[in-house]
Amino acid sequence: MWSVLVQRLWHNRLALIGAVLVLSLFVVALLAPIVAPYEPDYIDRYHILEPPSRLHPLGTDDIGRDVLSRMLYGSWVSLSVGFVAVGISTLIGIILGALAGYYGGLTDRVIMRFVDVMLSIPSFFLILAVIAFVGPSIWNIMIIIGLTSWMGVARLVRAEFLSLKNREFVLAARAIGASDLRIIFRHMLPNSLAPVIVNAVLGVASAVLLESALSFLGLGVQPPRPSWGNILKAGQANIEIAWWLSVFPGLAILITVLSYNLFGEGLRDALDPRLWERR
Amino acid sequence: MFTYLAKRVLELSVTLLGITLLSFFILHLAPGKPTDVLTELNPKITPEARERLEKYYGLDKPIIVQYLNWLKRVIRLDFGESFSTDHRPVWEKIKEKIPITLAINILSMLVIFLIAIPVGISSATRQYSLYDKITTVVVFVGFAMPGFWLALLLMMFFGVKLHLLPISGIKSLNYDSLTFLGKLLDLGKHLILPVFVSAFGGIAGISRYMRSSMLEVIRQDYITTARAKGLPENKVIYRHALRNALLPIITILGLSVPGLIGGSVIFEQIFSIPGMGRLFWMSVMQRDYPLIMGLLTIGAFLTLLGNMLADLCYALVDPRIRRQ
């Protein structure tokens, strides 16, 4: 199956570009300490709010720190927030969706009502409110984003489980006396993972967007720790004199999110057998 | 139709109850007491005074009792008093902000609808054409664009560079001295950027949904029939296909309400618009507990109302649902 998948991805050029970009983001984030020209909090007192130059390729911020270096170190924040948050939300979504789909009845009704409630809260309000009380930090943000974005996964897994529940292999497993847990995790879950994986890749993209928005509002990653969002915050404060502070970090966010989206959509096509025959 | 409506209203109330219950518990179980903000920075506070304060706000009672007390007051729209220095009733503070946020959101919904639907239709009817490919690329970029970054770029271009549009607030300083028409123009100028920015994400999303929904409908048998009996293509698309293709879009528009309301925090903050979003941001920064609860409740209520309106529209155009 994997070779087929790789082959399908290979033929989808946009998805390939997305995958390559995602990989290179990882490389950049890992290599940041080596390739960055300066330490992220090194202050160049003689070059404050300077436009891009040979000394500072993407300019300096309002207290003389190198924007390129801060962006390179900041990429690590975006990646880790995306992954941990999506890990949490996918885990919760799988468990609740599986329970709802497998057991049905009252369990299903209660869980789906809970999903409806969570979907109707303007989640950005809820996230901000919780952060106000637990305090902004990178870990809190990961956890809170994870806890407020599992509803889509839960619905997906539930739908998959509903359609798998009465298939022969599940009935056969039950007939030979397999436990519920074993049926759920060994038999049904592997067969419903495809849409979950696609959803997770797309979820990383929205988590990255959310983190940058929070940091931009000052309720995310706290300075002096660099993140794309909090560089943009300085960009807004100096919007009339320093375009480079606003343009470059935003571009980085755009490219990151775009590559996850391209990769995710390509993966969706590659994993969907209905599309295999057409091209 | 009436039973359908009644059922939806009942559902709405139950969900709203669930939301308030959930928010209340989350905020209470989170570390830090709501009264911290009143006591933390006050050096004169004694443990006794702290206890009195907690008693005053009923924080010494079990959480479920606190919730029921809160609920009892909220039913009469009494959300308590704000913790901020003005100590005004929460409902009063929220009430004056609702029209601005609501107006911006409704305007951006309109903009989304007016741009996304035609774009979706035309790229569906010309699938794989150059136009379709370009819109697909634009949509992909639009999806990935952080709204607040777009706002910054537009502010830089139209505000700072061209001096065409104002970049903050909703009225100019000389607003009160303007004629009615001048006032309208002034408001409009201030609202262009915020409305466009908050509509942007929706335009990308909805035009995509419209495209796929239209593509699905065009493949149906009744469209082939309409074409076979010799109807002009325009009539086939706009009379026969459009109605059915629009159905799923209505639901999606309804589902995008929480995003719009949540997003208003960012846009109102960037453009310094005195609406619900900015009020929420300030209440969060000051940990103004009653105001946070009040805004969460009202925000959820507006969201549910939006969803219900979408469902009603759906029922109006789709007879199958009305009959259930």
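Conventions adopted
- Residues numbered from 1 in each chain as written.
- Chains lettered and ligands numbered in written order.
- Predicted model: local features only at pLDDT ≥ 70, side-chain atom pairs only at ≥ 80, totals over all residues.
- Heavy atoms only, no water.
- Core = buried A, V, L, I, M, F, W, Y, C linked by side-chain atoms within 4.5 Å.
- Buried < 20%, exposed > 50% of the residue type's maximum accessible area, 1.4 Å probe, protein only.
- Helix = DSSP H or I, 4+ residues; strand = E, 2+ residues; numbered from the N terminus.
- Domains from an automatic or database assignment.
- Contact = heavy atoms within 4.5 Å.
- Buried area = accessible area lost by both parts, 1.4 Å probe.
- Salt bridge = Lys/Arg side-chain N within 4 Å of Asp/Glu carboxyl O.
- Polar contact = N/O pair within 3.5 Å; in protein donor to acceptor, adjacent residues only side chain to side chain.
- Nonpolar A, V, L, I, M, F, W, Y, C, P; charged D, E, K, R; others polar.

Q: Would you explain the nonpolar core in this entry?
A: Core analysis: the largest hydrophobic core is formed by 132 residues, its most contacted members being Leu128(A), Phe271(B), Phe280(B) and Leu296(B). Looking at this core element by element, the count peaks at 14 residues for helix H12 (residues 243-271) of chain A. In this structure, this core is formed jointly by two domains, domain 1 (2-75) and domain 2 (95-318) of chain B, each of which donates at least three residues. Judged by nonpolar contacts, the second largest core, of 22 residues, contains Ile206(B), Leu215(B), Leu242(B) and Ile249(B).

Q: When you look at unusual backbone geometry in this model, what are you seeing that I'm missing?
A: The phi torsion of most residues other than glycine is negative, and most of the peptide bonds are trans. A cis amide bond links Pro223(A) to the next residue, Pro224(A), at an omega of 10 degrees. Here Pro224(A) shows up in the loop between helix H10 (193-216) and helix H11 (228-237). Of note in this structure, Leu49(A) is not a glycine but carries a positive phi near 50 degrees. Mapped onto the secondary structure, Leu49(A) falls in the loop between helix H2 (13-35) and helix H3 (67-103). With a phi close to 65 degrees, Leu77(B) is a non-glycine residue in the positive phi region.

Q: Got a minute to help me understand the domain arrangement of chain B in this structure?
A: By a frequent convention, interface size equals the accessible area lost on bringing the separate parts together. Residue and element names in this part refer to chain B. When its domains are assigned, chain B resolves into domain 1 (2-75) and domain 2 (95-318). The interface is formed by 18 residues belonging to domain 1 together with 16 residues belonging to domain 2. The junction of domain 1 with domain 2 conceals about 1,600 Å² of combined surface from both sides, 78% of it contributed by carbon and sulfur atoms. Aspartate 311 is paired through a salt bridge with arginine 8; the nearest N and O atoms lie 2.5 Å apart. At the boundary of domain 1 and domain 2, one finds one residue pair in polar contact (both at pLDDT 80 or more). Those elements giving two or more residues to the side of domain 1 that touches domain 2 turn out to be helix H1 (2-29) and helix H2 (36-39). A total of 13 residues in the side of domain 1 that touches domain 2 trace back to one element, the largest contributor, which is H1. For the side of domain 1 that touches domain 2, a count of residues per class yields 11 nonpolar, four polar and three charged.

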